[in-house]
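Analysis of the macromolecular model
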Amino acid sequence: MITVWGRATSANVQKVMWTVAELGMPYERIDAGGVHGGLDTDAFRAVNPHGKVPAARFADGVTMFESNAIMRRLALTDPERRLWPAEGQASADADMWAEWAHIEFAFHLTAVFKAVVRTRPADRDPSLIARHLASANQALSVAEERLMSAPFIAADQLTIADISLGYFLYRYFTMEIEQANLPSVFAYYQRLTERPAFAQHVMVDYQGLRPAE
């Protein structure tokens with residue numbers, strides 16, 4: 001069993017939990033961070049000295065922080081390698097596209113989410129939002145081209161690349177922003193919403209993250 005510390009509304013926790021659920025692993029998720037607090041306790045700092053979520057303890061006693069690292073270890077230690085092909089170009093493609101999605105898309109959409117959802121309207125910086133949204137849309141335009149002829153971003157099956165890209169699409173398509181015209185990306189997102197693991201762990205209401213007016 002894996003133990004994951006982090007609140008359900010954290011996007012990075014969602015990335016880890018989506019991975020766990022796709023692999024059908026038994027787990028315990030402990031609410032931590034945000035309104036739940038607990039990040040400054042000695043017990044939590046022993047797992048993640050940086051005091052951020054997610055943090056995880058694997059069945060073999062290994063502890064980890066950083067969502068991408070946890071996601072990769074989950075996929076790497078899966079005997080069937082269902083989310084990360086074990087050999088050849090397919091393995092490299094999943095790894096490269098996962099990194100690309102993190103740097104070129106998720107980084108920028110995180111900034112948009114913080115500026116739009118977690119900031120009061122009167123305090124928003126339109127130029128910052130526009131700049132990061134343009135970069136996120138540029139990344140999605142690359143994804144659009146790939147998804148025109150393939151069901152997933154790096155292979156013919158779901159991989160860590162799709163988790164690295166897809167975990168923020170729920171927020172992209174539900175935030176009060178102007179979404180780009182990306183029919184293949186939208187169809188891909190719709191397919192992801194049909195996956196029980198995505199629906200349970202990623203399609204989580206984030207309205208409680210908005211600041212009080």
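Anything mentioned here points back to the structure above.
Predicted model only: the values in this text are computed from it and were never measured.

1. Considering the sheet that holds strand β2 (residues 27-30)
Spatially, β2-β1-β3-β4 is the arrangement adopted by the four strands of the open sheet, whose pairing is mixed. In this open sheet, the two edge strands, each paired with only one partner strand, are β2 and β4 (63-65). Each strand of the sheet is rotated relative to its neighbour by a mean of 15°, with strand direction disregarded. By the bridge criterion, three bridges tie strand β3 (residues 55-57) to β4 in an arrangement that is antiparallel. Paired with Ala 55 across the two strands is Phe 65, which belongs to β4. Taken strand by strand, helix α3 (residues 67-77) contacts β1 (2-5), β3 and β4, and its axis lies near 135° from that of β4.

2. Remarks on the nonpolar core
Trp 18, Phe 105, Ile 153, Leu 165, Leu 169, Tyr 172 and Met 175 are the most contacted members of the largest nonpolar core, which totals 71 residues. For this core, the element with the highest residue contribution is helix α4 (residues 88-116), accounting for twelve residues. Look past the residues within four positions of Phe 105 in its chain and what remains in contact with it is Trp 100, Ala 136, Ala 139, Leu 140, Leu 165, Phe 168, Leu 169 and Tyr 172.

3. Digging into the pairing of β1
Side chains of β1 alternate between two faces, with Ile 2 and Val 4 and Thr 3 and Trp 5 buried alike. With four bridges connecting them, β1 and β2 associate as parallel partners. Residue pairing for β2: Trp 5 is matched across the bridge by Ile 30. Of the crossover connections in this fold, the one passing from β1 over helix α1 (residues 11-22) to the parallel β2 is right-handed. Sheet topology note: the β1/β3 ladder contains three bridges and is antiparallel. Counted as the bridge partner of Trp 5 is Ala 55 from β3.

4. Re the packing of α4 against helix α5 (residues 126-147)
As a packed pair, α4 and α5 sit with axes 8 Å apart at the nearest point and diverge in direction by 145°. For the crossing formed where α4 meets α5, the hand is left-handed. Packed against α4, whose contacting residues are Trp 97, Trp 100, Glu 104, Phe 105, Phe 107, His 108, Leu 109, Ala 111, Val 112, Ala 115 and Val 116, the element α5 presents Leu 128, Ile 129, His 132, Leu 133, Ser 135, Ala 136, Ala 139, Leu 140, Val 142, Ala 143 and Arg 146 at the interface. When its residues are assigned to classes, the contact of α4 with α5 shows 17 nonpolar, three polar and two charged.

Definitions and limits used
- Residues numbered from 1 in each chain as written.
- Predicted model: local features only at pLDDT ≥ 70, side-chain atom pairs only at ≥ 80, totals over all residues.
- Heavy atoms only, no water.
- Pairing = 2+ DSSP bridges.
- Helix = DSSP H or I, 4+ residues; strand = E, 2+ residues; numbered from the N terminus.
- Axes fitted to C-alpha atoms, helices over the stretch in contact; angles between N-to-C directions.
- Contact = heavy atoms within 4.5 Å.
- Core = buried A, V, L, I, M, F, W, Y, C linked by side-chain atoms within 4.5 Å.
- Buried < 20%, exposed > 50% of the residue type's maximum accessible area, 1.4 Å probe, protein only.
- Right-handed = clockwise from strand over helix to strand, strands pointing away.
- Left-handed = near helix turned anticlockwise from the far one by under 90°.
- Nonpolar A, V, L, I, M, F, W, Y, C, P; charged D, E, K, R; others polar.

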